[in-house]
Amino acid sequence: MPRLRLFAASAPLFGLIALSSCGQGPVLDIRDPVVKLNPIAKNPSALYFTIHGGPKATTLEDVFSPGAVQTSMHESVRDPRTGITRMKPLLRVPIPADTDVEFRPGGKHVMLYGINLPARRLNEIDVTFVFGNGDRLPVTVPIARAGGDDGDMEGMDMGGASAANSAPMPAATTASN
Ligand SMILES: [Cu+2]
């Protein structure tokens, strides 16, 4: 076993551990992910998170989950003339190197349609983030139930309708990617 002997002879073990545990430079990762569960079961829920860019710029290409029937990336955009907020589908999202890109209420978000019962019971859902550089990051995301206040469903706004009585998704935004 020449490899073992090489390790033992050349690098002290603590040196190897230090190298792997405090890597140099930025690491592509997902921070503070949360699903805000829509209290109306037939309506989509919103997934929010922050992506921190790695050493090189890349793109977020897809977000999928075995716990949901369908997912899609959206951005809420407020028309400055009318004040009406609408969602548009996002095909991909640029992730600059070593930079935070936030998906948050009122901005970019991922919609989850048809979250399944196991996820609802466990209050968590497995989600995989797929990047243009080939990275796939699996994350277990906690599910937060909306309280009495509808304010945190802000990201669910569709055409200005309030979350409590929102209509089904417009046809243009239900297509996957
Ligand atoms: Cu949306």
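Quick caveat: nothing in here was measured; it's all calculated off a predicted structure.

1. Regarding the pattern of salt bridges
Okay, step 1: With the rule as written, the count across this model stands at 5 salt bridges.
Okay, step 2: Arg-31 serves as the salt-bridge partner of Asp-100, at 3.9 Å between the closest nitrogen and oxygen. Taken together, the positions of Asp-100 in strand β7 (residues 100–103) and Arg-31 in strand β1 (residues 29–37) put the pair 69 residues apart, joining distant regions of the chain.
Okay, step 3: Arg-31 gets classed as partly exposed once you look at its relative accessible area, which sits at 36%.
Okay, step 4: Salt bridges linked by common partners bring Asp-29, Arg-31 and Asp-100 together as one network.

2. Let's talk about the coordination of the copper ion
Okay, step 1: At 2.1 to 2.4 Å from the copper ion lie its protein donor atoms, namely His-74 (ND1), Met-87 (SD), His-109 (NE2) and Met-111 (SD).
Okay, step 2: Considering all 4 donor atoms around the copper ion, angles at the metal cover 86 to 126° and the coordination shape is tetrahedral.
Okay, step 3: For the copper ion, all donor residues lie on one chain, and their spacing in sequence is H-x12-M-x21-H-x1-M. Within this pair, whereas His-74 is found in strand β4 (residues 68–78), its partner Met-87 is found in strand β5 (residues 85–89), the two being separated by 13 residues in sequence.

3. Describing the pairing of strand β10 (residues 136–145)
Okay, step 1: In this sheet, β10 lies alongside β1 in parallel orientation, the contact comprising 3 bridges. Considered in β10, the bridge of Val-35 is made with Ile-143.
Okay, step 2: As paired strands, strand β9 (residues 124–131) and β10 are joined by 7 bridges and run antiparallel to one another. Following the sheet pairing, Ile-125 is matched in β10 by Val-141.
Okay, step 3: Adjacent in sequence and paired antiparallel, β9 and β10 are bridged by 4 residues, among which Gly-134 carries a positive phi angle near 95°.

Here is what the cut-offs are and how they apply
Residues numbered from 1 in each chain as written. Predicted model: local features only at pLDDT ≥ 70, side-chain atom pairs only at ≥ 80, totals over all residues. Heavy atoms only, no water. Salt bridge = Lys/Arg side-chain N within 4 Å of Asp/Glu carboxyl O. Helix = DSSP H or I, 4+ residues; strand = E, 2+ residues; numbered from the N terminus. Buried < 20%, exposed > 50% of the residue type's maximum accessible area, 1.4 Å probe, protein only. Donors = N, O, S within 2.8 Å, 3.2 Å for Na, K, Ca; no water. Tetrahedral: all angles 85-135°; square planar, octahedral: opposite > 155°, others 65-115°. Pairing = 2+ DSSP bridges.

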